[in-house]
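Structural overview for review
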Amino acid sequence: MSSDFEPILMRNVGVAKAADLQVYEARGGYQGIRKALQMSPEELIDEVKKANLRGRGGAGFPAGMKWSFLPKERKVTYLCVNADESEPPTFNNRVLMESDPHQLLEGIMIAGYATRATVAYIYMRGEFTEPFHILQRALNQAYAAGYFGKKILGSDFSMECYIHRGAGAYVCGEETGLIESLEGKRGWPRIKPPFPAVAGLFAKPTVVNNVETLCCLPHIVLRGAAWFTAIGPQGSFGPKLFCVSGPVNRPGCFEESMNITVKDLIYGSKFAQGMIGNKAVKGVFPGGLSMGVLTGDELEMRMDFDSPRKFGLLGLGTAALVVFNEDTDIRDVLLNVTRFYAMESCGQCTQCREGTGWMYKIAQRISLGAGRREDLDILVETTRNMGMMPGLSICGLPDGAAFPIRTLVEKFRAEFEQHIVRQEPGKVERVLRVLN
Amino acid sequence: MSWKAYDRNQPVMDPQAPPVLTEAVREKIRSFFPRYETKRAVLLPALHIVQELLGYVSYQAMKEIADLLEIHASDVLDVVSFYTHFANHPKGRKTVMVCRSLSCELMGGKAVLEAVKNTLQIQEHGTSTDGQYFLVTEECLAECDHAPCLKINERTYHQVKATDVSRILADEKNAELSIARSSLFDPPGH
Ligand SMILES: Cc1cc2nc3c(=O)[nH]c(=O)nc-3n(C[C@H](O)[C@H](O)[C@H](O)COP(=O)(O)O)c2cc1C
Ligand code: SF4
Ligand code: FES
């Protein structure tokens, strides 16, 4: 753990009036786009590739590579900024937009220039209200100062930027669900291929990037790829925001390199400062719910793109930790998690719609004290029969449902079984009669 | 998201009824046309505008939006029913949204929800008898560092204790933002 880490993406957090254009400019803002405009889009893409900037939205796909999938011959290109931030319990995009909105706008300009985008749409979840007003105000200021619109800063680059507000649907964070929603439809993810880079928004070449990914760009341009790759472990370069919530002493959003471990984030004096009342950690979801759960014995996991797999998790995800302590009933956790996916499945694919629904029903029964041992096997079995990984769905939502549910049942199986053994005789039959 | 069924209690649309969207509202909606390649893409902004003005999106309003965007009314209903934030029925003036995701639950969110139900004497998706409040639960509001949270319209409340709830709900100004409001109607560059 590098204790001398200098905040980069959060350098303006806590600075008075940092959301104002003048303050942002006075602190070195909008110099990245000025430098970028001196480069060709190809040079810019090369620099981002050299930095190996991997997407912060969940999948960790290299941004420079994604941009180079755009077809050579194209007239219109769209940039969609993924500000849907709907993965519980993730709030790093909110922190970035609320405290330093111009950093995001500058990142959008740089990505727009690199990809020759004509319009950038910021797709913002409907629940974001305060962040919306702050970002819209910053956008108005940026327009007034000539950062958006025609012939930006006297160059030949022109791009419009609009905020598009969602209306409450987790699946609209998935990039093709987002595109459908932007087109004025329900957010049903699309079958791929074609990928958005080829035929995305309005069937035009489209790039979708997360807020935090874009916020890295001004710094990469100003300081260079070599500076970026000097931060963090191999394959997981650059600064990263980590959210910590749950019953810890100091919940919050913290910036560090990806060398940091789960344990440091929970106990470190610069981070969450330990558990309230010194309770023991029972488990942690380290990457948003969808990546899966760690037990209290697995806290040495490093928060980079590759380590989570060694612990049976799907990946780094959103790097948002929610910690639960020894007093938490594991059945409540399972119920909360299964409900989320059952409610948010968009319903297009049978395995996802039915699978998430069944798992929620089983979790309800277990919670009511009417679980059966075989229910635990059915849960695990169901998680293996849904999702893109076995090729049974259009989008990754059910993979994100499978990992937390499977790891919960597998890693805490003894505790679930104890509850089942101890429950009242005859309860299963009674509850099943009422539920069916 | 979740699918909502047709509300049988609502009167069937009267073809003779005067338009609910005033010319000013139509103009606001049209001002979004240049932002997108298709008129249909203006549907979400249009629904936000109409819901902000009327408090919900009536079937009559859906039909009028459809005409304006040159799409079928069923396309509008399809979208309204998909997104949890759009209501096809009248509801309380203020919507109380209580987060029920994991961080909030771990920090006492269930007790907060119970306190709201008790104070307002309503269940989820219910409107209080005085027509003031409508209650829903929400998945993570992305404010988990301040769990447990709730929102009243646009205003977010942090670290809410069950014992704070009646005081918050009694406050007349509880939906007012402390920051400057920016309008969705702001045209770019203005
Ligand atoms: C169900 C689901 C929900 C998602 N939600 C989000 C989200 O809220 N924000 C986000 O940036 N990416 C989300 N993603 C990932 C996006 O599909 C996409 O990979 C990402 O926006 C790409 O940006 P990046 O390469 O900069 O990370 C989600 C994916 C799935 C399958
Ligand atoms: S996998 Fe699930 S959420 Fe994704 S498109 Fe299919 S039904 Fe919808
Ligand atoms: S869990 Fe309630 S705001 Fe995130």
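Rules behind the numbers
- Residues numbered from 1 in each chain as written.
- Chains lettered and ligands numbered in written order.
- Predicted model: local features only at pLDDT ≥ 70, side-chain atom pairs only at ≥ 80, totals over all residues.
- Heavy atoms only, no water.
- Salt bridge = Lys/Arg side-chain N within 4 Å of Asp/Glu carboxyl O.
- Helix = DSSP H or I, 4+ residues; strand = E, 2+ residues; numbered from the N terminus.
- Buried < 20%, exposed > 50% of the residue type's maximum accessible area, 1.4 Å probe, protein only.
- Core = buried A, V, L, I, M, F, W, Y, C linked by side-chain atoms within 4.5 Å.
- Pairing = 2+ DSSP bridges.
- Axes fitted to C-alpha atoms, helices over the stretch in contact; angles between N-to-C directions.
- Contact = heavy atoms within 4.5 Å.
- Near = heavy atom within 4 Å.
- 1 Å grid on protein atoms, 1.4 Å probe; cavity = no way out; pocket = protein on both sides within 12 Å on 5 of 7 lines; lining within 4 Å.
- Sits in = over half its atoms within 2 Å of the grid points.
- Nonpolar A, V, L, I, M, F, W, Y, C, P; charged D, E, K, R; others polar.
- Left-handed = near helix turned anticlockwise from the far one by under 90°.
- Domains from an automatic or database assignment.
- Buried area = accessible area lost by both parts, 1.4 Å probe.
- Polar contact = N/O pair within 3.5 Å; in protein donor to acceptor, adjacent residues only side chain to side chain.
- Points joined across faces, edges and corners; volume = space filled by probe spheres on them.
- Parallel < 35°, antiparallel > 145°, perpendicular 65-115°, else oblique.
- Areas by Shrake-Rupley, 256 points an atom, 1.4 Å probe, with all protein chains shown as cover.

All names here are of chain A. Inspection of the entire model under this criterion finds 43 salt bridges over all chains. Measuring nitrogen to oxygen at the nearest pair gives 3.8 Å for the salt bridge that ties Glu 47 to Lys 50. A residue pair is termed a helical-turn pair when its members lie 3 or 4 positions apart in one helix, as Glu 47 and Lys 50 do in helix 3 (residues 41-51) at three residues. Note on Lys 50: relative accessible area 58%, which makes it exposed.

Core analysis: the biggest nonpolar cluster contains 152 residues, and A:Leu105, A:Ile108, A:Phe148, A:Phe285, B:Ile29 and B:Tyr83 have the highest contact counts within it. The element contributing the most residues to this core is helix 6 (residues 101-115) of chain A, with eight residues. One finds A:Ile260, A:Val262, A:Leu299 and A:Met301 within the second-largest nonpolar core, a separate group that totals 25 residues.

Okay, the sheet that holds strand 3 (residues 150-152) of chain B next. Residue and element names in this part refer to chain B. Read from one edge of the open sheet, four strands run 2-1-3-4, paired in mixed fashion. Of all strands in the sheet, those bounded by a partner on one side alone are strand 2 (133-138) and strand 4 (155-157). Strand-to-strand twist across the sheet, computed as the mean angle between neighbouring axes with direction ignored, equals 20°. Note that strand 3 and strand 4 share three bridges and pair antiparallel. If you follow Ile 152 over to strand 4, its bridge partner there is Arg 155. Running at roughly 155° to strand 1 (residues 94-99), helix 6 (residues 109-120) makes contact with strand 1, strand 2 and strand 3 of the sheet.

Further remarks concern helix 4 (residues 73-82) of chain B. Among the residues making up helix 4 of chain B, those that are buried are B:Val76, B:Asp78, B:Val79, B:Val80, B:Ser81 and B:Phe82. Contact partners of the buried residues in helix 4 of chain B: helix 2 (43-54) and helix 3 (59-69) of chain B.

Residues and elements named next belong to chain A. Around ligand 2 lies a shell of 13 residues, among which Cys 346, Gln 348, Cys 349, Cys 352 and Cys 395 are the nearest. In a pocket analysis with a 2 Å cut-off to the grid points, ligand 2 is assigned to the largest cavity. Considered class by class, the residues forming the shell around ligand 2 number nine nonpolar, four polar and no charged.

This next bit is on the packing of helix 2 of chain B against helix 3 of chain B. Each pair of packed helices can be described by the angle between their axes along with the distance between the axes. All names here are of chain B. As a packed pair, helix 2 and helix 3 sit with axes 11 Å apart at the nearest point and diverge in direction by 145°. Read as a crossing pair, helix 2 and helix 3 show a hand that is right-handed. Taking contact as the criterion, the partners of Leu 43, Ala 46, Leu 47, Val 50 and Leu 54 in helix 2 are, on helix 3, Ala 61, Ile 65 and Leu 69.

All names here are of chain A. Taken domain by domain, chain A holds domain 1 (21-229), domain 2 (239-324) and domain 3 (330-435). The centre of domain 1, based on its C-alpha atoms, is set 36 Å off from the matching centre of domain 3. Opposite the 12 residues of domain 1 that make contact, domain 3 presents eight residues. Here domain 1 meets domain 3 over a buried area of about 880 Å², counting both sides, of which 74% is carbon and sulfur. Counting the surface domain 1 buries against domain 3, the share from its top three residues, Tyr 170, Trp 188 and Pro 189, is 55%. The interface formed by domain 1 and domain 3 contains zero salt bridges. Counting across the domain 1 and domain 3 interface gives three residue pairs in polar contact (both at pLDDT 80 or more). For the side of domain 1 that touches domain 3, the residue count by class is seven nonpolar, one polar and four charged.

A water-sized probe, rolled over the atoms, reveals where empty space remains. Residues and elements named next belong to chain A. For the structure on display, the rule yields four cavities of 30 Å³ or more. By volume, the largest cavity amounts to about 80 Å³. Surrounding the largest cavity, 14 residues form its lining, Cys 346, Gln 348, Cys 349, Cys 352 and Cys 395 being those nearest its centre. Those elements that place two or more of their residues in the lining of the largest cavity are helix 14 (350-367) and helix 16 (397-411). Within the lining of the largest cavity, the residues separate by chemical class into nine nonpolar, four polar and one charged.

This brings us to the packing of helix 15 (residues 373-384) of chain A against helix 16 of chain A. All names here are of chain A. Running from amino to carboxyl end, helix 15 crosses helix 16 at an angle of 150°, the nearest separation of the two axes being 9 Å. Here helix 15 lies roughly antiparallel to helix 16, going by the angle between them. Viewed along their axes, helix 15 and helix 16 form a crossing whose handedness is left-handed. Every residue of helix 16 that contacts helix 15 at Leu 376, Leu 379, Val 380, Thr 383 and Arg 384 is listed here: Ala 402, Ile 405, Arg 406, Val 409 and Glu 410. Partitioned by chemical class, the residues of the contact of helix 15 with helix 16 number six nonpolar, one polar and three charged.

A separate point is the site of ligand 1. Residue and element names in this part refer to chain A. By nearness alone, 18 residues border ligand 1, and Gly 57, Lys 66, Asn 82, Asn 210 and Thr 213 come closest of all. At a separation of 2.9 Å, an oxygen atom of ligand 1 approaches a polar side-chain atom of Asn 209. With respect to ligand 1, the side chain of Asn 210 contributes an N or O atom lying 2.7 Å from an oxygen atom. With the chains in place, 88% of the 610 Å² that ligand 1 exposes on its own is no longer accessible. Ranked by residue count, the leading element in the shell around ligand 1 is strand 4 (residues 206-210), at three residues. A breakdown of the residues in the shell around ligand 1 according to their chemical character gives three nonpolar, nine polar and six charged.

Position of A:Leu392 among the secondary structure elements: in the loop between helix 15 and helix 16. Along the backbone, A:Leu392 and A:Cys349 are 43 residues apart, and their C-alpha atoms lie at a distance of 7.9 Å.

Turning next to unusual backbone geometry. Following A:Lys192, the chain continues into A:Pro193 via a peptide bond in cis, with omega recorded as -5°. Assignment of secondary structure puts A:Pro193 in the loop between helix 8 (175-182) and strand 4. Residue B:Pro148 follows B:Ala147 across a cis peptide bond; omega there is -5°. Structurally, B:Pro148 is set in the loop between strand 2 and strand 3. With a phi angle near 55°, A:Asn278 is a residue other than glycine that sits in the positive phi range.

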